[in-house]
Amino acid sequence: MIMDAKIYHNPACGTSRNVLALIRAAGIEPDVIDYLSNPPSRQQLEKLISDAGLTVRQSVREKGTPYAELGLDNPDVTDSDLLDAMLQHPILINRPFVVTPLGTRLARPSELVLDILPDSFSGAFFKEDGEQVLDQEGKRLV
């Protein structure tokens, strides 16, 4: 299957690794962007968030980031301020964002990526933790 796909990936993140493996299991070799070393521009980030149907706040990663120490948990912090922080500290960008011709998703949980991939799986798929996502015929279980 020839399909353009892009993943904003963090190789240290299990969810991101599972999503990348699911994309590859669909027969697609995506453009893998290590967003920590190559963050999106502000315009790209705003488009990812909008296309995924999320708010800026829903796109901010809290766990394992300077979220609280930067005071981003204050409800008065604006979307613009959150975007500034995400660009200054890319670890604050939740991951993985995936873009295909079928849509854009923040693939958390990882199975959400299936919504924007073709139904081209040929067998079972298990996440790193052993959870089965696709059955022996490549059909979605979750």
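In case you missed it, the structure is sitting above this.
A brief look at the structure comes next. The numbers attached to residues start from 1 for each chain and follow its sequence in the written order. In keeping with the predicted nature of the model, local features appear solely for residues at pLDDT of at least 70, side-chain atom pairs appear and are counted solely at 80 or more, and the whole-chain, interface and lining totals rest on all residues. For the side-chain quantities, the full set of heavy atoms in the structure was used; hydrogens and water were omitted.

### Looking at the overall build of the protein chain
Each helix and strand in the protein chain was counted, giving 3 helices and 6 strands. Counting from the amino terminus, the protein chain carries its helices and strands in the arrangement β-α-β-α-α-β-β-β-β. C-alpha atoms define the radius of gyration in this analysis, and the globule rule sets the expected value at 2.2 Å times the number of residues to the power 0.38. Here the protein chain has a C-alpha radius of gyration of 16 Å; the compact-globule value for 142 residues is 14 Å, and the two agree. Projecting the C-alpha coordinates of the protein chain onto the three principal axes gives extents of approximately 50 × 30 × 25 Å. Split into buried and exposed, the 142 residues of the protein chain put 44% on the buried side. Sequence separation of at least 24 residues holds for 57% of the intrachain contacts in the protein chain that already meet a minimum separation of 6. As displayed, the protein chain has an accessible area near 7,300 Å², and 48% of this comes from carbon and sulfur atoms. Separation between the mean location of the 14 positive side-chain charges and that of the 21 negative ones in the protein chain comes to 2 Å. Note on conventions: DSSP H or I runs of at least 4 residues are helices, E runs of at least 2 residues are strands, and numbering of each starts at the N terminus. Exposed residues in this analysis have more than 50% of their type's maximum accessible area, buried residues have under 20%, and partly exposed residues fall in between, with area computed by a 1.4 Å probe over protein chains only. We call two residues in contact when some of their heavy atoms are within 4.5 Å. Using a 1.4 Å probe, the Shrake-Rupley method yields the accessible areas, and only the shown protein chains count as cover for residues. Charge counting follows a simple rule: Lys and Arg are positive, Asp and Glu are negative, and His as well as the terminal groups are ignored. One atom stands in for each charge, and that atom is NZ of Lys, CZ of Arg, CG of Asp or CD of Glu.

### Side note on the environment of Leu 112
With respect to the helices, strands and loops of the structure, Leu 112 is situated in the loop between β4 (103–106) and β5 (125–126). Note on Leu 112: relative accessible area 28%, which makes it partly exposed. Distance in space between the C-alpha atoms of Leu 112 and Val 142 is 9.4 Å, their sequence separation being 30 residues. Beyond its immediate stretch of four places on either side in the chain, Leu 112 contacts Arg 105, Leu 106 and Ala 107.

### What to know about helix α1 (residues 14–25)
By definition here, a helix of n residues has an expected span of 1.5 Å times n minus one. Here α1 spans 16 Å end to end across 12 residues, near enough to the 16 Å set by a 1.5 Å rise per residue. Every buried residue of α1 is listed here: Ser 16, Asn 18, Val 19, Leu 20, Leu 22 and Ile 23. Just beyond α1, the residue with positive phi is Gly 27, at close to 85°.

### Here we look at the pairing of strand β1 (residues 6–9)
Taken residue by residue, a regular strand's side chains alternate between the two faces of the sheet. Strand pairing is assigned whenever DSSP identifies at least 2 bridges connecting the two strands. Examined bridge by bridge, β1 and strand β2 (residues 31–34) share 4 bridges and lie parallel to one another. Looking at the pairing, His 9 lines up with Asp 34 of β2. As paired strands, β1 and strand β3 (residues 97–100) are joined by 3 bridges and run antiparallel to one another. Across the sheet, the residue bridging to Tyr 8 is Phe 97, located in β3.

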